[in-house]
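Chain and residue survey
Each chain, letter by letter, is given below.
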Amino acid sequence: MVLLLFLDSMQWEADAILFTGVGVVFPLFCIGGFLALLCSGIWRKAKGRPCGQTFALAGGLLLLLLLLVFFALFVLVGALGIGPVPD
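Residues numbered from 1 in each chain as written. Predicted model: local features only at pLDDT ≥ 70, side-chain atom pairs only at ≥ 80, totals over all residues. Heavy atoms only, no water.

A few points about the overall build of the protein
Convention followed: A run of H or I in DSSP becomes a helix once it reaches four residues, and a run of E becomes a strand once it reaches two; helices and strands are each numbered from the N terminus. By definition in these notes, contact holds between two residues if any of their heavy atoms fall within 4.5 Å. For the area figures, the Shrake-Rupley method with a 1.4 Å probe applies, and any residue is considered shielded solely by the protein chains shown.
Scanning the protein from N- to C-terminus turns up three helices and zero strands. Listed by position from the N terminus, the elements making up the protein come as α-α-α. In the protein, the share of contacts with a sequence separation of at least 24, taken over all contacts with a separation of at least 6, comes to 38%. With an accessible surface of roughly 6800 Å², the protein has 77% of that area assigned to carbon and sulfur atoms.

So this is what it looks like as structure tokens:
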């Protein structure tokens, strides 16, 4: 219900929904997933259980987040016209 109210407040505009999803929801998902997997991996390591796969997934989410930030910086540089992007 909250999602439908949120989409209705944005007047169902596709570009606003896309930018909100990619710019806000996806990074929050990556950060939350990274922290949850990191804590789970530390807990598993302390208990003597195998934890390599958990740390690998946490690293993958962190890498995905860093790639998203790197891409966002390129978009920002292009939008501001301060990079080597032709006008």
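Section: the layout of surface pockets
The criterion, for reference: With a 1 Å grid laid over protein atoms only, a set of points is called a cavity when a 1.4 Å probe fits there but cannot get out and a pocket when it is open yet has protein on both sides within 12 Å along at least five of seven lines; lining residues have an atom within 4 Å of a point. Grid points are joined across faces, edges and corners, and a volume is the space filled by probe spheres set on the points. Each residue receives one of three labels: charged for Asp, Glu, Lys and Arg, nonpolar for Ala, Val, Leu, Ile, Met, Phe, Trp, Tyr, Cys and Pro, and polar for the others, Gly being one of them.
Empty space within the largest pocket amounts to approximately 200 Å³. Residue lining of the largest pocket: Phe19, Val22, Gly23, Pro27, Leu68, Val69, Phe71, Ala72, Val75 and Leu76, and that is the complete set. For the lining of the largest pocket, the secondary-structure elements that each account for two or more residues are helix 2 (14–46) and helix 3 (52–80). By residue number, the principal contributor to the lining of the largest pocket is helix 3, which donates six residues. Taken together, the residues that form the lining of the largest pocket break down as nine nonpolar, one polar and no charged.

Examining the packing of aromatic side chains
Defined as follows: What counts as a ring pair is set by centres within 6.5 Å for rings of Phe, Tyr and Trp (its six-membered ring), and what kind of pair is set by the plane angle: stacked under 30 degrees, edge-to-face over 60, tilted for all other angles. The rule is simple: take the accessible area with a 1.4 Å probe, protein chains only, and divide by the maximum for that residue type; under 20% is buried, over 50% is exposed, in between is partly exposed.
The final tally for this structure, using the stated rule, is one aromatic pair. Here the aromatic rings of phenylalanine 70 and phenylalanine 74 are separated by 4.9 Å at their centres, their planes lie at 90°, and the arrangement is edge-to-face. Here phenylalanine 74 and phenylalanine 70 lie together in helix 3, a separation of four residues that amounts to about one turn. Its relative accessible area of 53% is what places phenylalanine 74 among the exposed residues.

Considering helix 3
For clarity, the cut-off: Helix span is expected to be 1.5 Å times the residue number reduced by one.
Relative to the 42 Å expected for 29 residues at 1.5 Å per residue, helix 3 spans 42 Å between its end C-alpha atoms, a close match to the ideal helical length. Restricting attention to buried positions, one finds in helix 3 the residues Thr54, Ala58, Leu61, Leu65 and Leu68. Just beyond helix 3, the residue with positive phi is glycine 81, at close to 75°.

As for the nonpolar core
Convention followed: In these notes, a set of buried Ala, Val, Leu, Ile, Met, Phe, Trp, Tyr and Cys residues joined through side-chain atoms within 4.5 Å is what counts as a nonpolar core.
Judged by nonpolar contacts, Cys30, Phe34, Ala58, Leu61 and Leu65 together constitute the single largest core of five residues. For this core, the secondary-structure elements that each account for two or more residues are helix 2 and helix 3. Top element by residues in this core is helix 3. It accounts for three residues. What leucine 65 contacts, discounting residues up to four positions off in sequence, is Pro27, Cys30 and Ile31.

All quantities given are derived from atomic positions and should not be read as evidence of function.
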